[in-house]
Amino acid sequence: MLQRRALGRLAVVFLVVSLAVGCGSGATPEQEQVVTPPAPTPTATAAPIPSPTPQPTKAPGSGLVATPTPTQTPLPQKTPTVEPKRGGVVRQSLVRDLVGFDPNNTTSGIDNELNMMFNSSLVWNCESVVICTEAAEEWAWAADGKSLTFRLRDNVVFPNGKKMTAGDVKWSFEKMMGFNKAFAVSARVGWMTNYIEGIEVVDERTVKFKTFHTAPALIGLMATGFASIIPQGTTEDEMKKKPVGVGPFILGEHLPGALYRLQRNTKYFIPGMPYLDEIQFPIISDPAAIEAAFLTRKTDIKGGSSATTAPWTPSNEPKIRQAIAKGTVRMVEVPGGRLTGVWMPWNKAPWNDVRVRKAVNLTLDRDQYSQGIQDGHGIVSLLLNEGIPNQGRGEAAIRKLPGYRDKEVDRAEARKLMADAGFPNGFDTVQEYRISGADPSASVGTVFIQDQLARIGIRTKLEGIRDPTHFERFSRLDYSIQQYGFVQQTLDPDELFGQYFLCNASRNWTGYCNPKLQEMFDAMSGELDPVKRGELSRKMEDLVVFEDAVYAPIPQENRFYTWYSDVHPHAPGGWYITWYTEPKRLTWWRE
């Protein structure tokens, strides 16, 4: 039997990793057949932020000096320890073509998945939550926590033949944050303006980020693909045609609607990396076809952007269980980091009445949603990630809160709120949903939410909106109500509130603005004590979900990956944080 790896068993502390001080090259020596990461070489570093910090340890193969994280629960059917080998091809399906090659201004995990391999960031998540150097060779916080300095490698060369400099880093980050008016602010990382006061080019290879206050979450955000560095002066037109950055892979072939063929970048600046010669992404949007491609070995991995809340359909699951028992296939469940719920525009009638918003939160039956939509894999949660130390408050505590109690009691209160708001007989409205390549019909759960709303008199007509129009309308608040799931990149509460719920948040797609939340955010963001930081985060959660009720959560979900045993699609430390920090693929290899 497959063992379900619950998110609550993942002992991950993002704050501790964020406060790490990085150093070293992260280089791996070049060999003909076998490439084995060497032990890191310590180098001198600037003093870290004064805080209660465990004794540093070194991340294998990275040169990074990092504070330790708690040991994770071993993965089911974990691959035996063997030496990685150079060469080989791995195939994994992709549900659609990319929107474009601008790594900063795409929003979907599908686009990030490939763009992250075409480009490099200053740092990256090399082993789950461990942050390693990439384009930078070392990094360090100042002793007062008010600046973060990076020293770049000397051998990072863009496809245009120019070496990456501190000027490229400054230009790229100013582009992300919206300081360059030729580009839109990055929806994924533009909210770094909450931390970064200014960027200073110290010399050609040294760049300093001056921060408003201590920012434990900043380094983790910089490790995402959306924070990739591209050549200074690049235009949008250039990025529509091809990748412009430098990463472990190059685009060898693209057949629109059919295939992306990525080839090993022989000029990649970390010696010996990546291990694979090629990764192929056949475009397959139909879920049944995705399963069939894996079962017939036309693909080697099923998961990531093509996964569903259940690992396999009932007809194919017995075959997978048999293959796992034989040792030819492996499967793991990993945290999805999905922020899923019902979104309502803050200032648009009738949602501008807090009583109506609270009624929506009260009517939703989360247990039915988990069983009927998430195949029993839903995790009772609010906003903060359940199972991560000092974040979520746990199922027992949540069950006592409005919307999670006896459903008839909750709905009786919801109907009273509707009547008090002037809608004793309810009202009619439009319920939008996203249509993507992976799901050409209604978004998962949309019809269920429609039924739940009808139980308190909110009668909705469904309207599907295709990508990328969906994102454009969502960002303009051009919708009435919808159920949708966003995926966090870092699982840090800074990202959760800073990206979605602050007045100036880059993905504030409800229009919500409460200055009280900003004050609470500033206090939480600069807090180094993880326990106190968690307490502050939960107070912010109460404000958003219950007091202002701008967002009605539905159960959190995990993701499943299935792969053939001769493929090694994970780092030595396990799988990655979320879909958005996963895809660098430097350490992937096959026997």
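Shown above is the structure to which this text applies.
Residues numbered from 1 in each chain as written. Predicted model: local features only at pLDDT ≥ 70, side-chain atom pairs only at ≥ 80, totals over all residues. Heavy atoms only, no water.

Student: So what's going on with the sheet that holds strand β12 (residues 278-282)? Which residues, and what values?
Tutor: Reading across from one edge, β3-β12-β11-β10 is the order of the four strands in this open sheet, with mixed pairing throughout. Of all strands in the sheet, those bounded by a partner on one side alone are β3 (89-91) and β10 (249-255). Going across the sheet, the axis of each strand differs from the next one's by a mean of 20 degrees, ignoring polarity. (Pairing = 2+ DSSP bridges. Helix = DSSP H or I, 4+ residues; strand = E, 2+ residues; numbered from the N terminus. Axes fitted to C-alpha atoms, helices over the stretch in contact; angles between N-to-C directions.)

Student: Let's hear about the packing of aromatic side chains: which residues, and what values?
Tutor: Following the criterion strictly, the structure yields 24 aromatic pairs and no others. Taken together, a centroid distance of 6.1 Å and an interplanar angle of 55 degrees make the contact between Trp343 and Tyr500 tilted. On the criterion of sequence distance, the pair formed by Trp343 in strand β15 (residues 338-343) and Tyr500 in helix α14 (residues 493-500) is long-range, its members being 157 residues apart. You can call Trp343 buried: its relative accessible area is 0%. Under the relative-accessibility criterion, Tyr500 is labelled buried at 0%. Ring plane angle 80 degrees and centroid distance 4.7 Å describe the contact between Trp346 and Tyr512, whose orientation is recorded as edge-to-face. Placement of Trp346 in the loop between β15 and α8 (354-363) and of Tyr512 in the loop between α14 and α15 (515-525) is noted, with a sequence separation of 166 residues between them. Each member of the pair, Trp346 as well as Tyr512, carries the same accessibility label: buried. Of the aromatic side chains, those joined through ring pairs into one cluster are Trp343, Phe471, Phe474, Tyr479, Tyr484, Phe497, Tyr500, Phe501, Trp509 and Tyr551. (Phe/Tyr/Trp six-rings, centres within 6.5 Å; stacked < 30°, edge-to-face > 60°. Buried < 20%, exposed > 50% of the residue type's maximum accessible area, 1.4 Å probe, protein only.)

Student: Please provide a residue-by-residue account of the state of the cysteines, values included.
Tutor: Each disulfide consists of a covalent bond between the sulfur atoms of two cysteine residues. Here the structure, examined in full by the defined rule, presents two disulfides. Here Cys126 connects covalently by a disulfide to Cys132, the sulfurs 1.8 Å from one another. Two residues, Cys503 and Cys513, share a disulfide whose sulfurs are 2.0 Å apart. One disulfide, between Cys503 and Cys513, carries an S-S torsion of 95 degrees and so falls in the right-handed class. One end of the pair, Cys503, is in the loop between α14 and α15; the other, Cys513, is in the loop between α14 and α15, with ten residues separating them in the sequence. Residue Cys513 is classed as partly exposed on the basis of its relative accessible area, which comes to 38%. (Disulfide = S-S within 2.5 Å.)

Student: Explain the pattern of salt bridges residue by residue, including any values.
Tutor: Applying the stated criterion across every chain yields a total of 36 salt bridges. A salt bridge links Arg405 to Asp410; the nearest nitrogen and oxygen atoms lie 2.6 Å apart. If you follow the salt bridges from partner to partner, you end up with Arg91, Arg297, Asp300, Asp566 and Arg590 in one network. (Salt bridge = Lys/Arg side-chain N within 4 Å of Asp/Glu carboxyl O.)

Student: How would you explain unusual backbone geometry if you had to name every residue and give the values?
Tutor: Here the amide bond leading from Met273 into Pro274 is cis, since omega sits at -10 degrees, within 30 degrees of zero. With respect to the helices, strands and loops of the structure, Pro274 is situated in the loop between β11 (259-264) and β12. Cis peptide bonds are those with omega within 30 degrees of zero, and the linkage from Ala349 to Pro350 qualifies with 0 degrees. Among the structural elements, Pro350 can be located in the loop between β15 and α8. One non-glycine residue, Leu477, lies in the positive phi region at around 60 degrees. Residue placement: Leu477 occurs in the loop between α13 (469-475) and β18 (481-487). Despite not being glycine, Ala549 shows a phi value in the positive range, around 50 degrees. Take Ala549: it is sitting in the loop between α16 (530-547) and β19 (551-553). Take Ala549: its relative accessible area is 1%, and that puts it in the buried class.

Student: Summarise the sheet that holds strand β7 (residues 147-152); cite the residues concerned and give the values.
Tutor: The strand order across the open sheet built from four strands is β6-β7-β9-β8, with neighbouring strands paired in antiparallel fashion. In this open sheet, the two edge strands, each paired with only one partner strand, are β6 (136-141) and β8 (196-203). Across the sheet, the axes of successive neighbouring strands diverge by a mean angle of 15 degrees, strand direction being ignored. Looking at chain direction, β6 and β7 are connected through five bridges and run antiparallel. Bridge pairing links Ala136 to Leu152 in β7. Relative to the sheet, helix α3 (residues 166-176) contacts β7, β8 and β9 (206-211), its axis offset from that of β8 by approximately 165 degrees. (Contact = heavy atoms within 4.5 Å.)

Student: Quick rundown of the environment of Thr224? Include the residues and the values.
Tutor: For Thr224, the position within the fold is in the loop between α4 (218-222) and α5 (236-241). For Thr224, a relative accessible area of 0% corresponds to the buried category. In this structure, the C-alpha to C-alpha distance between Thr224 and Leu122, residues 102 residues apart in sequence, is 9.4 Å.

Student: So what about the environment of Tyr564? Which residues, and what values?
Tutor: Secondary-structure assignment places Tyr564 in strand β20 (residues 558-564). C-alpha of Tyr564 to C-alpha of Ile324: the two residues are 240 residues apart in sequence and 9.2 Å apart in space. Once residues within four sequence positions are removed from consideration, Tyr564 is found in contact with Phe294, Leu295, Arg297, Thr299, Asp300, Thr328 and Val329.

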